[in-house]
Every structure is written in structure tokens, then in C-alpha cells.
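Descriptive structure summary
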Amino acid sequence: MAYVADGEIVDGSWELNILVTDLQVEKTLRVMGDLHIGGVMVKLVQALDIALDWSDHALYWPERNKWLHRARSTLDQYNVQADAKLQFTPMHKNLKVQLPDLQVLELRVDFSIKCFTAVVQTCKELGVRHPEELSFLRKWDKDDLKKVAKEVHKRKKRGDPDANGPLSSNGTLHNSQGSLDGGKLSPYPNRSPVGPSPNNTLIRSANSPYNLSTSISGYSTFNGTVSPGSMHSLSFEGSMESSLANSPPVPAKEAFQYLYRPKNFAEKARINCAWLDSSTSLMEQGIRENDFIMLKFKFFNFYDINPKYDAIRINQIYEQSKWALISEEIDCTEEEMMVFAALQFQIQLQSGLPQPDLDISMNAHNHSEDDEIDAALKDLQESLEGSVVTSHGDITHIPELGDYVKFFKPKKLTLKSYKRYYATFKDTFISFYRSKEESQGTPALPRIDVKGCEAQPDVNLSTRKYGIKLFVPEPEGMCEIFLRFEMEEHYCRWMAACKLASKGKTMADSSYEAEVQALQTFLGMQHPVVSPTNNSAPLSTTINQADIQSEDYVASKFFRKIKAKSLVGKIMEAHSNVQDMSLLEAKLAYIKAWQSLAEYGITYFRIKMSNSKKEELMGIASNRIIRMDLNSGDSLKTWRYNTLQSWHVNWEVENVILDFDTEKVTFASMECSCKTIHEFIGGYIFLSMRSTDKNQSLNEEMFHKLTGGWHE
């Protein structure tokens, strides 16, 4: 039994106020606590007596920040009483969504379903496969993120249980009034909303459905509304699909207004405060109609990339990787940057040219991959020429590497002095000998088990420096080791072996040769091309270099370091290696090169280990969790998912608890909700469970079971 506002009981019934947001009309219904939600909506529609389609409407409770979804549940079961003010509002609302390529679409999105399901539906409309790899982020600028993180940090230090700063535990802004009037794009009332996207990006509005126009800057804009079921027009669908598969170029100066440009690891971690909770609806996380949010790839574990079906997906992955490099969200060397710039330039050249038939090229590619005769001939050729890897054709035999290397293990207060050894790599162990002749005897140094290591390239082609920086797991943490090689081929084979060892695999794994080939290809693109003896000039020399704006192709640190004219020359020199690539080949080469970088696929979080006062980084990757130094980013310890028994959150003290085979790791997140970290770990484990069956359906229930962190 409930009470009306003045406390008087009236036959067990009471008055319930409901605001109909479409009409901005408030209705008062006399109800009883045992009336179910479906009955309330029927009674409300009858009271309105307006012939409209109300099928997309549902009841929302702003004060509790909750949708009343269950039509058969009663008001009493939802604990709705006379002082509650409900809203009868559409579940689908307009939302401005910025894609990885910075194009902005005005989409019709369901605000009442879980964020994960909303992303799945959005990706289906856009033609992007495997939506489980993407998610929504809040569109916060650098100052907003800094304020959010600073407030959370202060509360965590005070031990405040409500330690999510301007966000509640489910991600809702504390200062939100629950209004449905659009609101600001920033959580802070004194900040103006983030402006529209650059005038050279795609903006779709309802005013002019098929009006293709050219903006002042000379780039195309496209107007039109994308909503569920609205993509049936061939002209509209074709135009949108083309623009999403081949994005219009955006000058870096304009793009920087809409990109987060971190200066250090702490700022790289801060951006992850903006991820939305996949288990909660948009409305329940403070997102309002016409708000501006981002859709990006969240999990860097890309499954079944198929050029025949994934033109849009490939382009969006490429665009996200491109802007991550140009904005310095991920670091690379100067030589690597020139390769990325050259590939980007090739992609822009090819985007305006007719492309080869995809079916023919794919059939040829598949035929070459599956031809067992060619594979056997290649194996025979390697054995006759004397491959560096010892192999006897026995699948139970583990190959072995043996080369002269320079070895250095840093110690405190010592100079960096390398010593030359003959080193062997077998299974996951590296052994060092004084000479090749002594390799059958006792090693000169204790052998090193690199299983579970972190391997980072230390390469400079101009100085013929081929090195590997290894972080090897030891009981007290990670031990740092440097290896230097005399030849590029030796480096590629050892680096590939180290990468496999980091995953607990050996060179007997079938992916070893592919890993070696990928490293050789990437380094090959960084080599200058020797000019041909004939008079035919390469494509790069026929291009007017004055038309190339180098700041649109490289990170700012290189643009500041190298003069623009010299920079263009370096880009053109690198372009000579990739000028024969088609559009899709160049995009896939860009993505593969991005995946080979040391920082690729690591999402950073600022944390504090239990019983420690020092703040550190926790990196979450597709196959491991890395404890890192906050300032340098160096690995302190690495844990593999295959040793993880369980992971959960202690919500009372806001701690993440990871149970591994040999130890339990407990830490607190200092700037964002522990739920975000929990979701990243669970998400990667979910993605690792995908089978080789290309027709498998997406198991949303399993995703939420692994990432939810709690059960309602």
C-alpha cells in the first residue's frame, strides 16, 4: 500500500505523475501498486487519447536512472511510489556518432538496450562485421578527461567508496538532471559543447536526404539520416558505403581539434575513462538525445578480416591506426613513420583509381596459399640452401637457431657494454657460448627461459642496428636484456622466435615462418630503393612534391624535428617500395605494420597495487596483462591469460582481483571504474573463444557473463 503526495490513503490507490516527452505533457494517473508496467502504459495511452504510434515508447525513471523494461513487473516490484516522476519517452533517439575515420553520422539508436547491443545494431546498419570488437566512448576533450581523472584520483586517495568522480558506478554523470533535452556534450556546465565535426567529414542530417555538396575546404559532405530500416535506397546506401570504405582526406590541423593527443603514458591511460559500460544502456549512462559520442575499435583482436566482405571494416581499422600514429597515441621510430606515411600516400593515390577485380586477386591469393606442391618445393629449396633454422622434417622436432649475437644485461651504475657470444635458441630457452665450437658443451652464462617475455624491436636501418629488447619474467619481476644481431635476417628469425615464446609457443608452431616473413616485409619497406638503370622513372619521382603536406602524414614530433622539404623526400623514398600496391593491399599492409609495433594493442590504466603506495600502469592486451612503470612504460611483470583462473571486482573497496596459477594480484584503478578494466579482460577472453567456424553467431549472453562484473 502506498501514499499520495499529501500522505492520505485513498482506497489503496495513489497518483502517479508521468511526463510524455514527445508532447511535453504531464499526465496524472490513479494507480495501485500491483498494477504492472504494461498496464500503466496502456492506461496512459488511453488517457492521452491521441492517435499516434506509441510502440517505440517506454517508461523511464530519471531519479533512479532506470528503464522500467519488464512489462509484467508491478510498480511495487520496481519500488515506484507516489513521489516518483516517470517519463514516457521514445527508446530510439538521434545520436551524433564519430567513426574512427572522424566522419560524423546522425544515427537513430536504441537508448533503452545495453550498450553492447546498441553497438551491434549500429555496426549492422553501417555494414561492419564483428561488432564485438567495437564500443562507444564519450566525446570528452582533454580538459574534461583531466578533470574526471583528477576528481576520481582525489576520492580514491581519500578512500571514498563513491570513487568514480563525476561518474556514478554505472557511468552516469552525477550532475545530470535526468532531462531529455539533449544536454551538453561535456559533463561540466561551464564548458561549451564540443563543436560539429570538421567541414570535410560526413555529417548526416534530416534536412536534405540526398544532397551532395562541396564545403568551403573542398571536401565533400553528405547529408541524410541513418535510422533502423532506412538503408533501403540503393543510391543512399551506395553513397554511404562508398564514403565509409574510402574516407575523404582530413587535414591534420583540422583533425587535431577532434583527436586526443597524449603526451605521456599517464595521459594515454586517461583516455580509457571515456569508454561506456557495455552492460548498461546509453540513457542510464547519462547519454542524451543528440549527444556526440565516438565509435571505435576497443579490442585489438581482429577476427577473419576478409577483403571481399570487409571493405568498410578494413578502412575504419586503417583510419583508427592512422590517427593513433599521427596523434602519437602509439609510438614508432622515424623509419617506421616514413613507411606509414608512404602507405598512407599510396592509399590516397589509389583511392581515386580503378582497382583490380577482388574475386580474381583473392582466388589467386587463396590458390597460392593452399598449393601444397609449392609449399613442398619451398621447403626443399630451404633445405638445399641451408636454412638458418635446423629442421629434419619431423613435426615432433623443435627447430633451433644459432648465431653470433651481442648480449647486454643492464645493472645499476654500469656502462652499456655488449659482449659477443654464440647464442642458440631452442624451445623457449636461449643459451650463450664463447664460440660456435663450444656450443655442444656447457654454456658460458646461465641459460634464459624467455617464455612469457616481452619483446620490443630496437632497430635503426640507417646505422645497421638490429636489436631486440627483452623483458624476461623472473620471480622478483621482469629482467631486462638486450640482444644485437649482425644481419637483418638473423634479427627477423630471432624476433619471430621471441614473439612466439612470449605466447608460450616454440618455432615448431606453424605461424613461425609467417611471423618471419611479416618482419622481413616490414623492414623491406623501410629500405631505400636502388634506382633502376633504365630511363623509366618510378612513380614517386613523377609526383609534384610541392603538393604534399608532410604534416598530414607524420606525427608532430617528426615534423618538428625534420624540415618539411626533407620530410617529403623521405616519404617519397619510402613510397618507392609500396607504389605497386593496390588500395586494399596498402591498407592491409598499413594495418599489419601497425600490429608489429611494440605498443600495439595495449590499453593502459593507472593503478596502485595492494600494499603499495606507488602508482603504476596496468596494460591490458589481447593475450596478456602487463604491470608497467608509469613514467617509462617499461614492463615490470607479465601474466598470460592462459594462466588466469578467475577475475573479479571487490566493489566494497573498488579492487580488481586476478587469480593466476601461481599468485593472486590485487590492485585499485586510480582514474576510472574497475568495471572498465574487468570488461577489457573479460572481453579479450571472450574474443579468444571465437571458433574457426565463420558462421558462428555472436553469443551476447556469454559476453556479458564474462564482462559484466556483477549480476542484477
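Residues numbered from 1 in each chain as written. Predicted model: local features only at pLDDT ≥ 70, side-chain atom pairs only at ≥ 80, totals over all residues. Heavy atoms only, no water.

In the annotation of an unreviewed UniProt entry, the entry for the chain reads PH domain-containing protein, and the organism field reads Arion vulgaris.

**Section: the packing of aromatic side chains**
Aromatic ring pairs: the centre-centre distance and the angle between the two ring planes describe each pair. Definition in use: For this analysis, a ring pair means two rings from Phe, Tyr or Trp (six-membered ring only for Trp) whose centres lie within 6.5 Å, classed as stacked if their planes differ by under 30 degrees, edge-to-face if by over 60, and tilted for the remaining angles. Secondary structure is summarised from DSSP: a helix means a run of H or I of at least four residues, a strand means a run of E of at least two, and numbering begins at the N terminus for each. Two conditions define a charge sitting above a ring: the NZ of Lys or the CZ of Arg must be within 6 Å of the ring centre, and it must be within 35 degrees of the ring normal.
Across all of its chains, the model carries 28 aromatic pairs by this definition. With a centroid separation of 5.5 Å and 20 degrees between ring planes, the pair formed by Trp639 and Phe660 is classed as stacked. On the criterion of sequence distance, the pair formed by Trp639 in strand S22 (residues 635-640) and Phe660 in strand S24 (residues 655-660) is long-range, its members being 21 residues apart. Among the aromatic residues, those joined into a ring-pair cluster are Trp275, Phe299, Phe605, Phe680 and Tyr684. The ring of Phe680 is capped by Lys298, whose NZ or CZ atom sits 4.9 Å from the centre of that ring.

**Let's talk about the sheet that holds strand S2 (residues 25-32)**
This is how it is decided: We call two strands paired when DSSP finds no fewer than two bridges between them.
Strand order in the open sheet made by the five strands is S2-S1-S5-S3-S4, with mixed pairing throughout. A strand with exactly one partner marks an edge of an open sheet, and here the two such strands are S2 and strand S4 (66-67). One ladder, built from four bridges, connects strand S1 (residues 13-20) with strand S5 (residues 85-90); its direction is parallel. Its bridge partner being in S5, Leu19 is matched across the sheet by Gln87.

**Observations regarding unusual backbone geometry**
With a phi close to 70 degrees, Asn290 is a non-glycine residue in the positive phi region. Mapped onto the secondary structure, Asn290 falls in the loop between helix H6 (265-270) and strand S11 (292-297). In this model, Glu328 sits at a positive phi of 65 degrees, which is unusual for a non-glycine residue. By the element assignment, Glu328 lies in the loop between helix H7 (311-326) and helix H8 (334-350).

**With respect to the packing of H8 against helix H12 (residues 512-526)**
Rules: For helices, the fitted axis covers only the stretch in contact; all axes are lines through C-alpha atoms, and the angles between them, taken along N-to-C directions, range from 0 to 180 degrees. Any angle from 65 to 115 degrees is called roughly perpendicular, while one under 35 is roughly parallel, one over 145 is roughly antiparallel, and all others are oblique. Contacts: residue pairs with any heavy atoms within 4.5 Å of one another. Asp, Glu, Lys and Arg are counted as charged, while Ala, Val, Leu, Ile, Met, Phe, Trp, Tyr, Cys and Pro are counted as nonpolar; the rest, among them Gly, fall into the polar class.
Where H8 meets H12, the axes come as close as 9 Å, and the angle between the chain directions of the two elements is 85 degrees. Regarding the angle of H8 to H12, the classification is roughly perpendicular. Residues Glu335, Glu336, Val339, Phe340 and Leu343 of H8 touch H12, and the partners they reach there are Phe522, Met525 and Gln526. When its residues are assigned to classes, the contact of H8 with H12 shows five nonpolar, one polar and two charged.

**Focus on the state of the cysteines**
Linking two cysteines covalently through their sulfur atoms gives a disulfide. Selection criterion: Two cysteine sulfurs form what is called a disulfide whenever their separation falls within 2.5 Å. In this scheme, a residue with accessible area under 20% of its type's maximum is buried, one over 50% is exposed, and one in between is partly exposed, where area comes from a 1.4 Å probe on protein chains only.
Counted under the stated rule, the structure contains zero disulfides. The cysteine Cys273 is free of any disulfide, with Cys672 supplying the nearest cysteine sulfur at 4.9 Å. Residue classification places Cys273 among the buried residues on the basis of a relative accessible area of 6%.

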